[in-house]
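Here is how the chains run, residue by residue.
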Amino acid sequence: MKTTITLIALFCFNICFCQDLILKGQITDEHKESIPFANIALYQTNDTINVVKGSASDLSGKYSLQNINPGNYILKVSYIGYKTESLPIHINKNIIQNIILKSDSQSLTEIVIEGKRNIRSIDKTSYTFTTTQIDKAKDGRDLIATLPNLHIDKTTNSLSTINGKSIMILINGIKATDDDLKLIPADKIKNVEIYDVPPMRYINDAENVVNINTKPLDTGWSGNLYGTLGQMFSNASFALSYVKGDNKFTLNYGTHINMKRNIKDLETGHYNYQINNDNYTYDYFRESQTWGNQHNIGLTYSINKEKNYDFQIKIFTNTSNGKLDANKTIEFTQNKFQEERIGKLNDHTKSIVPTLDIYYSKTLPKNNSIAFNVVGSYFDNEQNTHSAESGSTGFDDMMYINNQKKTLIGEAIYNHKFNKSNLSFGYRTHLNYLTNKVTNSLSEKLQKENINTQKHYIYGEVSGELKSFMYRVSLGGNYDTQLDREGFHNFTFTPILMAGYNINESNSIRLTYHSSTQMPDMLQMSDACILIMNNFYQTGNHNLENSHLQSWGLSYDLYLKRLSLSANLFYDHTNNSLFDSYQYGENCILFQTGNAEKDIHRGGEFNLNYMPWDFLRIGGSIGVSQQIFQPSQEVSSFSYWSYPVSVYLSASYKSFSLDILQKFGGTFLSGLYKTGIEKVSYISLGYTYKKVNFGLQCFFPFIKDKYSNETIPESIVYHKTDYHIKRKDHALALSVSWNFGFGKKKSSVQKNMENYDSDNGLFKIK
């Protein structure tokens, strides 16, 4: 009996002292700011060389060491720019140990374990930066541009993706401009989150979302001046920010000028069509010039009460003024009748868009928060177009368009954070009202119309992780309606389902499904009719309905110290896809938007980013995709393959830098057209002297921007065009920028939503 009791006691003793325990906590700095990717190492008391357990803190500065045997240990925590913290710790139960690191510029090289610089979540990858990267960067934007698949496009002077996907930039959750990024010193950026599947509230706004989380920004003044003078275009921008206490004021101004050059762009085209058993051919050669300017000015006031509430009000105005002059020589044939003609086109558009944006968020107890956003815009547009063509059936048309569009966007979000997951609910409404007035040679009277559309969107979303598994489930619904005439009223279920698995610290795979809708542009639904050429008219289609995209994807990601790559397979199916089409009218051809019977896009994409040395970055993107398109039940479907390719190189040595980008052309299927992709090609040399940066760019140094468009066989009109954008050939530009900033540390607004209406209500002359 005694032996049995002794064995039981020893067994219980063994269980107590061999159980797997957990040590966890959070790493912060002296300002209570979390430190992500800090290095965590646990040593035996009598062996400080061999690491028992090691890890890195997550984006919130939290860490967790599991499966620890009871005993005495030394816990070491280190991070670049902070003093290494070492403390003895006795573990006989699960323990929470928080650590505060103190700043120390002398400890930049002291690292216990090489921590990860990125964390892969279900819909995003989060990055931090090394001291070397921060020291080499001129400003925040320059630092962010070093991340995979990102670069500063010298043609637009903006942060862009290598593979050409649309991008939305947020700073602490607030939509930002490149000027805003340049106002942030590189050492103020805490981490960057890149969403390749945007949060549900942004799913219709961009293909990628880049959110920059900052440390408390400096109190005081900061600013940026930038200017580019070039043969093809010129840019200028000015930004000034002032912080005092909890208040922040920012003034922005920017302008972009497309230069009017004597060099003319060339277009060769051919039409072949039939009306009432008459056969027509229309061959032309067109020379054109485009120029104009855009201006934007904004004023922002924000107040931040840390861990209490944020309020921001922003007033900004965008203006644009664009001109097009074109001359044609035409060979026109109707059956056996032939005629040479001369044509011309002058188009002048003016637009002004004032906008008011009000935002408020409130932090509630127990990890709850709410946020509200209201955005109101007013679009005032004018368009004057003169088109003429000589010949027996020639024309001379003067068109004047005046329209005003009012838009109101409102959104409310509730959010709750759990330990390893996040829950949110939201509602957004988008209301549009357009008043359109048109006069031209097609009608003796002023054509007036009103178009009223609404989009209501409600959703709930939960995301998180379970050990190595990641998930995101979003349930949403869109109610899209066009209220005038015989408008539509459609409710669409739009879920997002994602599941991923982190194979190890470097490899992950993911399955995705997401659904979204797209409303037609307001003028795509307009009854206004525009003369293109004899017997050809551009008009809207008030029978249009919204389209519904369903997308499936499988992706693999690899992140190593100097190499990152992603491979993606996708399958997209769009119901009621919106596309430009030719239709028969009464003794004429109508060019208008329609809803397609079938639109399938499937294929794959491979992205690579490689840094063989600290001074050199090379990479690119290559895609292979097939599009299957059927405009209506009456015609057969059409299949087409495309192969987009982009490559880049970025190098730096001391104060010098070199950037090369080449985006090869190709074609993709856009409705009835096999559409050519405009190429991008440049070499950029940079030099930095103190805080002044100089740049010299040469655009299209090796190739010319040539591409073609051609209708598919299912179109009732055969149309082929060959373009040569000559104004881009060997164009030079010189840029100069200067950044400054000083002051004391202060927190910034943490906005959680951003809304803006991108449909300006202007006609797009084809």
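Residues numbered from 1 in each chain as written. Predicted model: local features only at pLDDT ≥ 70, side-chain atom pairs only at ≥ 80, totals over all residues. Heavy atoms only, no water.

Asker: Which residues make up the overall build of the protein, and what values do they have?
Answerer: Looking only at helices and strands, the protein features 4 helices and 50 strands. On C-alpha atoms alone, the protein measures out to a radius of gyration of 30 Å, which is about the 27 Å that the 2.2 N^0.38 rule sets for 766 residues. When each of the 766 residues of the protein is scored for burial, the buried share is 50%. The contacts of the protein with a sequence gap of at least 6 include a subset with a gap of at least 24, amounting to 64%. Accessible area of the protein: about 36400 Å², with a carbon and sulfur share of 56%. (Helix = DSSP H or I, 4+ residues; strand = E, 2+ residues; numbered from the N terminus. Rg over C-alpha atoms; globule rule 2.2 N^0.38 Å. Buried < 20%, exposed > 50% of the residue type's maximum accessible area, 1.4 Å probe, protein only. Contact = heavy atoms within 4.5 Å. Areas by Shrake-Rupley, 256 points an atom, 1.4 Å probe, with all protein chains shown as cover.)

Asker: Describe the side chain of Glu339, and please don't skip the residues or the numbers.
Answerer: Checked against the element boundaries, Glu339 lands in strand β23 (residues 337-364). A polar contact is formed between the side chain of Glu339 and the backbone nitrogen of Ser392, at a distance of 2.9 Å. When neighbours within four sequence positions are excluded, Glu339 is seen to be in contact with Ile330, Glu331, Phe332, Gly391 and Ser392. (Polar contact = N/O pair within 3.5 Å; in protein donor to acceptor, adjacent residues only side chain to side chain.)

Asker: Would you mind going over the packing of aromatic side chains in detail, with residue names and values included?
Answerer: For the structure on display, the rule yields 26 aromatic pairs. A centroid spacing of 5.7 Å and a plane angle of 5° characterise the contact between Trp613 and Phe615, whose relative ring orientation is stacked. Three or more aromatic residues joined by ring pairs make a cluster, and in this case those are Tyr271, Tyr273, Tyr280, Tyr282, Tyr284, Phe332, Phe536, Tyr582, Phe591 and Tyr673. Positioned above the aromatic ring of Trp291, the side-chain terminus of Lys260 is 4.1 Å from the ring centre. Between Lys405 and the ring centre of Phe379, over which it is positioned, the NZ or CZ distance is 5.1 Å. (Phe/Tyr/Trp six-rings, centres within 6.5 Å; stacked < 30°, edge-to-face > 60°. Lys NZ or Arg CZ within 6 Å of the ring centre and 35° of its normal.)

Asker: Tell me about the pattern of salt bridges, residues and numbers included.
Answerer: Counting across every chain of the model gives 14 salt bridges. Between Arg727 and Asp265 there is a salt bridge; the shortest N-O distance is 2.0 Å. Of this pair, Arg727 sits in the loop between β48 (718-724) and β49 (731-741) while Asp265 is found in strand β20 (residues 265-275), placing the two residues 462 residues apart along the sequence. Exposure remark for Asp265: the relative accessible area of 5% places this residue in the buried category. Glu461 is paired through a salt bridge with Arg472; the nearest N and O atoms lie 3.1 Å apart. Of this pair, Glu461 sits in strand β27 (residues 443-466) while Arg472 sits in strand β28 (residues 469-482), and the two are 11 residues apart along the sequence. (Salt bridge = Lys/Arg side-chain N within 4 Å of Asp/Glu carboxyl O.)

Asker: I'd like a description of unusual backbone geometry, backed by residues and values.
Answerer: Phi is positive for Phe700, which is not a glycine, with a value near 50°. Considering the arrangement of structural elements, one finds Phe700 in the loop between β46 (692-699) and β47 (706-711). By relative accessible area, Phe700 is classed as buried at 4%. One non-glycine residue, His730, lies in positive phi territory at about 55°. One can find His730 in the loop between β48 and β49.

Asker: Describe the sheet that holds strand β13 (residues 167-171), naming the residues involved and giving the relevant values.
Answerer: Pairing within the open sheet is mixed, and its 6 strands lie in the order β9-β10-β15-β16-β13-β14. Unpaired on one side and paired on the other, β9 (118-120) and β14 (174-175) mark the two borders of the sheet. By the bridge criterion, 3 bridges tie β9 to strand β10 (residues 124-127) in an arrangement that is antiparallel. Bridge pairing in β10 places Asn118 opposite Tyr127. (Pairing = 2+ DSSP bridges.)

Asker: Got a sec to walk through the environment of Asn262? Specific residues and values, please.
Answerer: Relative to the helices and strands, Asn262 is located in the loop between β19 (247-258) and β20. Along the backbone, Asn262 and Asn224 are 38 residues apart, and their C-alpha atoms lie at a distance of 33 Å.

Asker: Provide a residue-level description of the nonpolar core, including the pertinent values.
Answerer: Within the largest apolar cluster, 23 residues are counted, with the highest numbers of intra-cluster contacts made by Leu23, Ile27, Leu42, Leu75 and Ile91. Looking at this core, the elements with two or more residues in it are β1 (21-28), β2 (39-44), β4 (62-68), β5 (71-78) and β6 (85-91). Counting 22 residues, the second largest nonpolar core, distinct from the first, contains Tyr127, Ala186, Ile189 and Ile194. (Core = buried A, V, L, I, M, F, W, Y, C linked by side-chain atoms within 4.5 Å.)

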